[in-house]
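# Summary of structural features
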Amino acid sequence: MFGFLNKLISWVLALSLSMVGVWLDDFHEWVLGDDIFPVVYEGDFYEGIEYEKYIDFEAVVLPDTTVFDIRDYGADVSNNAQENKDAINAAVNACYSSGDGTVLVDGGSYITGSIRLKSNVTLKIADGSSLVASRNAQDMDLNCVIYANGCENIKITGPGRVCGEGNYYSKKPMKKPLLEPLEYTNAIEMRHEYLNRLRKPHESKYGRISNIYNCSNVTIGNIIFENSAHWTLRIDNSEDVLINKFIINNNRHIANTDGIDILYSRDVEIKNSFISTADDGIVIKNWQAGSVVKNIHISNCEIMSCTNAFKIGTETRGDISDVLVEDCKFFMKDIYPGSFSGIAIESMDGSIVKNITVRNIEMDRITCPLFIRLGNRNRYADETSDFSGSIEGVTIQNITATRMEIPIIITGVKNLSKGTNHVKDITLRNLDLEYTTESKEPLTFQIFVPEYEKEYPDSWRFFNLPAYGIWSRHTDGLTIDNFNVTPREKTIRSKFVFNDVKNLEF
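All values derive from a computational prediction rather than experimental measurement.

This next bit is on the confidence of the model for the protein chain. Of all residues in the protein chain, 92% attain a pLDDT of 70 or more, and the chain-wide mean is 92. The low-confidence segment residues 1–31 (pLDDT under 50) makes 28 contacts with residues lying over four places distant or belonging to another chain.

Here you go:
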C-alpha cells in the first residue's frame, strides 16, 4: 500500500509542477509583451571561441577565378538594405551569366536583404567584411540572408562574416543568463530556469542566415555565421555537401536558433567546425514521408548548445540511416543549466532510424550524456493510424562525460491499444561518466514514470529518475560493455533501472 501511495504522490507532484511550467510560459507572454528587445546580456554569447583554430584569416581569392566585386555593381556600406540587395544580386547574376567565378564582398559591412545564389558561383566575404541582415523583415523576402534553390557547384566562404541580427527579431526574456549553478539537480527546475531565459521570437522574425534547397556539390567553409534569428544553416533535399572550418556564434538564448539542420539530404559531411547556439547544435530531421536522410558524417567538431549538441529529431516522419558522428567535443562552459543532452536520438512521428554510430566523444557539463527516445507523437499522420516508427542498430562507444546530472535514458513507448514499440539493438561500449559536484542530488525521485507518448521529448521531460547510470524501458537488445559511472557521494539511487528490457547483455 505504501509503495502505491509513493508512486501516486510522485506522479501527481510531477504533473502539478509541469502544469506550473505551462502557466509560467503563459505568464511570460503576459508580463513582457511583444516589443523587440535587442539588448545583449553577459552570457548571451560565448566569449571563448578560438577563431584562429578554425578560420584562415589570410585566405585570398584564387588568382585563376573571375572576380565580381559587389562595389562595381553599386554596393556601398552607406547604402540601405534594398540598394545593397539589388547590387549584390546583380553581381551574382553577372557571375552566373559568365559561366562561373567569385562574387566578392570586401570593404566593410553591408546591410542587405535576401541574396539568391546561382549555380557555379562562389560567394566570398573577405576578412573584416560582412553581410548583415536588414532589421526590416520586409527586406528578407526569401526568409534568409543567403538563399540557393536548385543550384549546383556553389560555395560560400570567408574569412568574413554573415550576421543575422537575431536580437532585433526577439523579445525580452524573463531573466538574465544564469552564471551560477543551481543548488540542486532538479529536472523541473532546470527546465523552468532555461525557459525563463529564452528570448521568444518577435512576430516579424524573418528566418535563417542561409537556406540551401535542392542543391548538389555545395561547399561552405572558412566563414563565420553569427547572431541568427532562427535556424542558422538549413540543408534541405541536397546532396554532396561539405561543411568545413565553419563557425556559428549565436545568442544562446534566442529560441529556435539551431546551428545546422539537415533535412531530406544525402552525403553530407560536417567537420572541423565550432557551433555555439541556443537550440540544437547539429540536428537531423525528416518530416517528409517516403524521403530518406542518409550518409551523414560529422567529425572533429566542438558544439556548445543549450539544448542538444547532436540530435536526430524531433520532426521524424521519413527514414534516417547511416549516420556517423566521431571525434567531437560537446560542452557548456559558462552558463547554467548545462545542455539538455550530448547525444539525442529520437523517432516521434514514424521514422525508421537505424545504423547510427557515435564514437570518441568528450563531454563536459552536459546534463544527460545520451537520450534515446521512441515515441508516438504522430504529428504528420492521421491520429488513428498505426504507429510504425523504430530506432534500431545504435552504437555509442568511447564516451567520456564529466559534470553530468541525469542518467542515460533509453526508452521505447507503450500504448494501451497499440501495444509496445521497443527500441532495438543498442550497444554502449567504453563509457566513462562522472557526476557534477556543483549541484546537490535532487531531494525526490520519480518511481512511476509516465509514458509521455505524445509529449515533446527531451531528457528533462522524465524529471528526476531513480537511476544514476542507465534508466531503460521498452528496449529489446541492450548490450553494455565496459560502463563506468561515478555518482555523487551518498546517492540513494540505483546504478541501473531496467523496465521491460529484453535481451540485456553485460
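Tracing the sequence through the fold places S390 in strand β25 (residues 390–404). Setting aside anything within four residues of it in sequence, one finds S390 in contact with S347, S351, I352, V353 and L374.

In this section: the layout of surface pockets. If you roll a probe as big as a water molecule over the atoms, it shows you where there is empty space left. Estimated volume of the second largest pocket: approximately 250 Å³. As for the second largest pocket, its lining consists of 14 residues, of which I447, F448, V449, R473 and N499 are closest to the centre. For the lining of the second largest pocket, the elements supplying multiple residues, two or more each, are β30 (467–486) and β31 (494–505).

Considering all chains together, one arrives at five cavities of 30 Å³ or more under this definition. For the largest cavity, the calculated volume is near 80 Å³. Split by residue class, the lining of the largest cavity holds six nonpolar, one polar and three charged.

Quick look at unusual backbone geometry now. The omega angle of the peptide bond from G158 to P159 is 25°, so this bond is cis rather than trans. On the secondary structure map, P159 appears in the loop between β8 (152–157) and β9 (161–163). A cis geometry characterises the amide bond from G313 onward to T314, with omega recorded as 0°. Of note, T314 is situated in strand β20 (residues 308–316). A positive phi angle is found at N355, which is not glycine, with a value near 55°. Relative to the elements of secondary structure, N355 occurs in strand β23 (residues 352–364).

Evaluation of the coordinates by the stated rule reveals 26 salt bridges. Across the pair D69 and R71 runs a salt bridge whose closest N-O atoms are separated by 2.8 Å. A relative accessible area of 12% means that D69 is categorised as buried. Here R71 falls in the partly exposed class, since its relative accessible area comes to 39%. Between E438 and R403 there is a salt bridge, with its nearest N and O atoms 3.2 Å apart. Residue E438 is located in the loop between β29 (423–435) and β30, and its partner R403 is located in strand β25; the two are separated by 35 residues in the primary sequence.

What follows covers the packing of aromatic side chains. According to the stated counting rule, one finds 21 aromatic pairs in the structure shown. Centroid distance F37 to Y41: 5.7 Å. Interplanar angle 50°. Geometry classified as tilted. Neither residue differs from the other here; F37 and Y41 are each classed as buried. Cluster of aromatic residues (ring-pair linked, three or more members): F371, Y452, F462, F463 and W471. We note R365 situated over the ring of Y336; from NZ or CZ to the ring centre the distance is 3.9 Å.

Moving on, we get to the pairing of strand β19 (residues 302–305). Burial of β19 is two-sided: the residues E302 and M304 facing one way and the residues I303 and S305 facing the other way are all buried. Where strand β16 (residues 274–277) lies against β19, four bridges are found, and the strand directions are parallel. The partner of T277 across the bridge, within β19, is S305. Bridge count between β19 and strand β21 (residues 319–331): two bridges; the pairing is parallel. For I303, the partnering residue across the bridge sits in β21 and is F330.

How each quantity is defined
Residues numbered from 1 in each chain as written. Predicted model: local features only at pLDDT ≥ 70, side-chain atom pairs only at ≥ 80, totals over all residues. Heavy atoms only, no water. pLDDT = per-residue confidence, 0-100. Contact = heavy atoms within 4.5 Å. Helix = DSSP H or I, 4+ residues; strand = E, 2+ residues; numbered from the N terminus. 1 Å grid on protein atoms, 1.4 Å probe; cavity = no way out; pocket = protein on both sides within 12 Å on 5 of 7 lines; lining within 4 Å. Points joined across faces, edges and corners; volume = space filled by probe spheres on them. Nonpolar A, V, L, I, M, F, W, Y, C, P; charged D, E, K, R; others polar. Salt bridge = Lys/Arg side-chain N within 4 Å of Asp/Glu carboxyl O. Buried < 20%, exposed > 50% of the residue type's maximum accessible area, 1.4 Å probe, protein only. Phe/Tyr/Trp six-rings, centres within 6.5 Å; stacked < 30°, edge-to-face > 60°. Lys NZ or Arg CZ within 6 Å of the ring centre and 35° of its normal. Pairing = 2+ DSSP bridges.

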